[in-house]
Amino acid sequence: MKLHNILLLAALTIGITSCKENTSNETKTTTEVANEETTKKSNFEIYPVSHATMVLKWDDNAIYIDPVGGPENFDLYDAPDLILITDIHGDHLNVNTVQGILTESTKIIAPQAVVDKLPEDLQKITTVLSNDNSLMKNGFDITAIPMYNLREEALKFHSKGRGNGYVIEKDDKRVYISGDTEDIPEMRNLADIDIAFICMNLPYTMTVESAASAVLDFKPETVFPYHYRGTEGLSDVSKFKELVNNGDSSINVTQLDWYPTAE
């Protein structure tokens with residue numbers, strides 16, 4: 001990943017009040033909070049890698065979400081403390097990439113369907129987390145949120161119970177990662193989400209209209225469109241932002257560069 005794809009979020013507190021995209025070609029300094037007493041507790045950085053893949057730096061932990069594309073894609077980042085994998089498809093699971101970025105202390109969390117596709121060495125260090133269940137790792141409360149399709153013509157892509165979205169929580173800050181899903185009730189019923197990463201690509205997940213409708217139901221403070229490349233190209237994330245902000249101007253919709261090589 002190139003340096004211009006790195007975005008660092010600034011001034012994040014337990015309740016996130018604002019978040020702006022960095023369009024500079026240089027990497028900015030680490031995030032800080034206004035309250036000096038909580039600075040060390042609230043550092044939070046987002047590194048969009050590509051499509052469904054990202055690195056979150058939260059306090060002293062590097063959390064990798066769906067690392068794919070080869071170990072060299074992650075040379076710029078701290079080694080992973082946690083790896084969360086959402087689904088079995090190749091844009092979420094790549095065994096060679098996972099093996100190439102592991103350290104002795106890395107912990108992996110994944111649904112059973114993913115674990116079934118891992119070699120024995122990775123299975124031994126992976127904790128299975130099923131839909132609606134939670135666990136604690138490295139001080140984070142991690143809950144598996146269902147992710148699945150609703151439209152009849154899309155049911156073949158993601159069946160309920162196979163994959164995981166995730167809510168990651170620490171110090172009352174809650175981050176939601178949708179994985180591959182449509183606007184399911186489990187998403188609409190989320191509460192107190194500070195940051196949400198929402199997919200929107202056809203035919204595999206949902207339309208921008210459905211994504212916006214779901215966001216307006218659960219009202220995260222900040223939402224990042226991600227995973228928005230489909231068979232017909234990139235989804236209209238500008239329209240998504242317009243729909244969300246027409247419905248609720250207080251929701252901060254922020255666009256990151258998930259597709260740096262796209263024309």
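Residue numbers run consecutively from 1 along every chain, following the written order of its sequence. Where totals are concerned, whole chains, interfaces and linings use all residues; where local detail is concerned, this predicted model gives features only for residues with pLDDT of at least 70, and gives and counts side-chain atom pairs only at 80 or more. The basis for the side-chain values is all heavy atoms of the structure; hydrogens and waters are excluded.

**Q** Help me understand the pairing of strand β7 (residues 134-137) in this model?
**A** A regular strand places its side chains so that they alternate between the two faces of the sheet. The classification of residues rests on relative accessible area computed with a 1.4 Å probe and restricted to protein chains. Under 20% of the type maximum is buried, over 50% is exposed, and intermediate values are partly exposed. By the criteria applied, helices consist of DSSP H or I runs no shorter than four residues and strands consist of E runs no shorter than two, each listed in order from the N terminus. Burial along β7 is one-sided: the residues Leu135 and Lys137 are buried and none of Ser134 and Met136 is. DSSP calls a pair of strands paired once it identifies at least 2 bridges connecting them. Pairing of β7 with strand β8 (residues 140-147) involves four bridges; the strand directions are antiparallel. Bridge pairing links Met136 to Asp141 in β8. With antiparallel pairing between neighbouring strands as the criterion, β7 and β8 make up a hairpin whose turn holds two residues, including Asn138 at a positive phi of roughly 55 degrees.

**Q** Sorry if this is basic, but what is going on with the sheet that holds strand β4 (residues 82-84) here?
**A** Pairing within the open sheet is mixed, and its six strands lie in the order β1-β2-β3-β4-β5-β6. With one partner strand each, in any of the chains shown, β1 (44-50) and β6 (126-128) form the two edges of the open sheet. This sheet shows a mean twist of 20 degrees between the axes of neighbouring strands, independent of strand direction. Relative to strand β5 (residues 107-110), β4 runs parallel, the two sharing three bridges. Bridging from a neighbouring strand, Ile83 pairs with Ile108 of β5. Here an axis means a line fitted to C-alpha atoms, over the contact stretch when the element is a helix, while the angle between two N-to-C directions is reported on a 0 to 180 degree scale.

**Q** Would you take a moment to explain the confidence of the model for the protein for this structure?
**A** In regions of low pLDDT, the predicted coordinates are not meant to be interpreted in detail. Per-residue confidence from the predictor is given as pLDDT, running between 0 and 100. Counting all residues, the mean pLDDT for the protein is 84, and 82% of those residues have values of 70 or more. Contacts between residues were defined by any pair of non-hydrogen atoms, one from each residue, lying within 4.5 Å. Low confidence marks residues 1-41, where pLDDT is under 50. Its contacts with residues over four positions away, or in another chain, come to 88 contacts.

**Q** Which parts of the structure should I look at to understand the packing of helix α6 (residues 208-218) against helix α7 (residues 237-247)?
**A** To describe two helices that pack against each other, one gives the angle between their axes and the distance between the axes. Interaxial distance between α6 and α7 falls to 9 Å at its minimum, and their mutual angle equals 30 degrees. For the pair α6 and α7, the crossing hand works out as right-handed. Residue-level contacts link Val208, Glu209, Ala211, Ala212, Val215 and Leu216 of α6 to Lys239, Phe240, Leu243, Val244 and Gly247 of α7. Any residue that is not Ala, Val, Leu, Ile, Met, Phe, Trp, Tyr, Cys, Pro, Asp, Glu, Lys or Arg is counted as polar, Gly included; the first ten are nonpolar and the last four charged. Of the residues belonging to the contact of α6 with α7, the class tally is eight nonpolar, one polar and two charged. It is the rotation of the near helix from the far one that decides the hand of a crossing: anticlockwise by less than a right angle makes it left-handed, clockwise makes it right-handed.

**Q** Looking at this structure, how should I read the pairing of strand β10 (residues 173-177)?
**A** With five of five residues buried, β10 lies mostly within the body of the structure. Burial along β10 is two-sided: Lys173, Val175 and Ile177 and Arg174 and Tyr176, pointing in opposite directions, are all buried. Judged from the five bridges that link them, strand β9 (residues 163-170) and β10 form a sheet pairing that is antiparallel. In the strand pairing of β10, Lys170 is matched with Lys173. Where β10 and strand β11 (residues 195-198) come together, three bridges link them in parallel fashion. Among the inter-strand pairings, Tyr176 is bridged to a residue of β11, identified as Ala196.

**Q** Explanation requested: the sheet that holds β10 in the structure shown.
**A** Within a sheet, each strand pairs with its neighbour through backbone hydrogen bonds, oriented either parallel or antiparallel. Read across the open sheet, the seven strands follow the order β7-β8-β9-β10-β11-β12-β15; overall the sheet is mixed. In this open sheet, the two strands that pair with only one neighbour each are β7 and β15 (252-253). The sheet contact formed by β11 and strand β12 (residues 222-225) spans four bridges and is parallel. Residue Ala196 lies in a different strand from β12, and its bridge partner there is Val223. Contacts between α6 and the sheet are confined to β10, β11 and β12, with β11 contributing the most and set at about 160 degrees to the helix.

**Q** Looking at this structure, how should I read the packing of aromatic side chains?
**A** The relative placement of two aromatic rings is captured by the distance of their centres and the angle of their planes. Two rings from Phe, Tyr or Trp (for Trp, the six-membered ring) form a pair when their centres are within 6.5 Å of each other. A pair whose planes differ by under 30 degrees is stacked, one over 60 is edge-to-face, and the rest are tilted. In total, this model carries 11 aromatic pairs according to the counting rule given. Taking 5.2 Å as the distance between ring centres and 15 degrees as the angle between the ring planes, the aromatic pair formed by Phe197 and Phe224 counts as stacked. Pair noted here: Phe197 is in strand β11 and Phe224 is in strand β12, with a separation of 27 residues, a long-range link. Ring geometry for Phe197 and Trp258: centres 6.4 Å apart, planes at 90 degrees, overall edge-to-face. Linking Phe197 in strand β11 with Trp258 in the segment after β15, this pair joins segments that are 61 residues apart in sequence. Neither residue differs from the other here; Phe197 and Trp258 are each classed as buried. Taken together, the ring pairs in this structure connect Tyr47, Tyr64, Phe74 and Tyr77 into an aromatic cluster. Sitting over a ring, as applied to charges here, requires NZ of Lys or CZ of Arg to be within 6 Å of the ring centre and within 35 degrees of the ring normal. Taking NZ or CZ as reference, Lys170 lies 4.9 Å from the ring centre of Phe140, over its face.

**Q** Hey, could you run me through the nonpolar core in this one?
**A** Soluble globular proteins tend to bury their nonpolar side chains together. Ile142, Ile168, Tyr176, Phe197, Ile198 and Phe240 are the most contacted members of the largest nonpolar core, which has 53 residues in total. With six residues, α6 is the single largest residue contributor to this core. Ignoring anything within four residues of it in the chain, the contact list for Ile142 reads Leu82, Leu84, Ile109, Leu129, Asn133, Ser134, Leu135, Lys137, Tyr166, Val167 and Ile168. Side-chain atoms within 4.5 Å are what join buried Ala, Val, Leu, Ile, Met, Phe, Trp, Tyr and Cys residues into a set we call a nonpolar core.

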